[in-house]
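Survey of secondary and tertiary structure
What follows is each chain in one-letter form.
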Amino acid sequence: MPSSWRLPDLENSFRRRWIVAALLLCATLVAAPVRLWHLGTIPYIFQGDEAGFALSAAGLTSNPLGNLFGVGFMSQPTMAMFPQTLSMRLLGATPEAARLPWALIGIATVPASYFLARRLRGTTVGLVTAALYAIAASGLVVTYTTSGVFNFAHGAFGMMAAFTYWQFTEAWGLPTWLALLLVVGVVAPIFGSIIERG
């Protein structure tokens, strides 16, 4: 691992464990509002697979199946529809109720990604993974909310910035603080203005 990538180990003390827990909670709290924002209206179209699963779940609320291990819409396991069934029983057969379980699962994947990455690569990588996952998903929601189009361009911008940072620090040997300043303050704005004009 290159020396500029090494970050201090955050698991050494009790105090640092609280810091890690607070950072993970912050990443999860960033992910929660954007996933729960206007569940009934974003996306404004309720059709296709999403509607098919919701109809199957609504059918399970009024007519429970005898076989829990059967198949439902598009040969999906019936058990996969039970989170929707529970929310529909509590909130009624609405788009919000149909989307709520999947939004909650999406929120839960932020800490889950932390625990997986921590197990594989350590605490610092786990925190970075959770934060990136929360921010990337939030970016998709914000982009779709404002434009009505699913746009993955913010991920491409992020990768361009990451590769430029790596070039500055590893290939050219610039100090970390200078590379970060150049990427955020010079390269990214220039790249954005080129894309806007193009």
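Before any of the text, the structure's been laid out above.
Let me sum up the structure you'll find in this document.

What counts and how
- Residues numbered from 1 in each chain as written.
- Predicted model: local features only at pLDDT ≥ 70, side-chain atom pairs only at ≥ 80, totals over all residues.
- Heavy atoms only, no water.
- Phe/Tyr/Trp six-rings, centres within 6.5 Å; stacked < 30°, edge-to-face > 60°.
- Buried < 20%, exposed > 50% of the residue type's maximum accessible area, 1.4 Å probe, protein only.
- Axes fitted to C-alpha atoms, helices over the stretch in contact; angles between N-to-C directions.
- Helix = DSSP H or I, 4+ residues; strand = E, 2+ residues; numbered from the N terminus.
- Parallel < 35°, antiparallel > 145°, perpendicular 65-115°, else oblique.
- Left-handed = near helix turned anticlockwise from the far one by under 90°.
- Contact = heavy atoms within 4.5 Å.
- Nonpolar A, V, L, I, M, F, W, Y, C, P; charged D, E, K, R; others polar.
- Expected span 1.5 Å × (residues − 1).
- Bend = angle between axes of the 7 residues up to and from the residue.
- Core = buried A, V, L, I, M, F, W, Y, C linked by side-chain atoms within 4.5 Å.

**Considerations on the packing of aromatic side chains**
Using the criterion set out here, one finds three aromatic pairs in the structure. Arranged with centres 5.4 Å apart and planes meeting at 35°, the rings of Phe-168 and Trp-172 form a pair that is tilted. Here Phe-168 falls in the buried class, since its relative accessible area comes to 10%. Its relative accessible area of 56% is what places Trp-172 among the exposed residues.

**Focus on the packing of helix H3 (residues 82-91) against helix H4 (residues 95-121)**
In the contact formed by H3 and H4, the axes pass within 8 Å of each other and the chain directions differ by 135°. Taken together, H3 and H4 sit at an angle that is classed as oblique. Taken as a pair, H3 and H4 cross one another with a handedness that is right-handed. For the pair H3 and H4, contact is made by Pro-83, Gln-84, Ser-87, Met-88 and Leu-91 and by Ala-97, Ala-98, Leu-100, Pro-101 and Trp-102, respectively. For the contact of H3 with H4, the per-class residue count stands at eight nonpolar, two polar and no charged.

**With respect to H4**
In this model, H4 (27 residues) spans 39 Å end to end at C-alpha, consistent with the 39 Å of a helix rising 1.5 Å per residue. Helix geometry: H4 is bent most strongly at Val-110, by close to 30°, with proline Pro-111 lying one to four residues after it. Taken as a whole, H4 has its buried residues at Ala-97, Ala-98, Arg-99, Pro-101, Ala-103, Gly-106, Ile-107, Val-110, Pro-111, Ser-113, Tyr-114 and Ala-117. Following H4 by one or two positions, Gly-122 adopts a phi angle in the positive range, close to 110°.

**Brief notes about the nonpolar core**
Judged by nonpolar contacts, Val-20, Leu-24, Ala-27, Ala-31, Val-110, Tyr-114, Leu-127, Ala-130 and Ala-134 together constitute the single largest core of nine residues. When residues of this core are traced back to their parent elements, those giving at least two are helix H1 (14-36), H4 and helix H5 (123-147). Ranked by residue count, the leading element in this core is H1, at four residues. For Ala-130, the residues in contact, after removing those within four places along its chain, are Leu-24, Ala-27, Val-110, Ser-113 and Tyr-114. Among the nonpolar cores identified, the runner-up in size contains seven residues, and Ala-57, Leu-60, Met-88 and Ala-97 belong to it.

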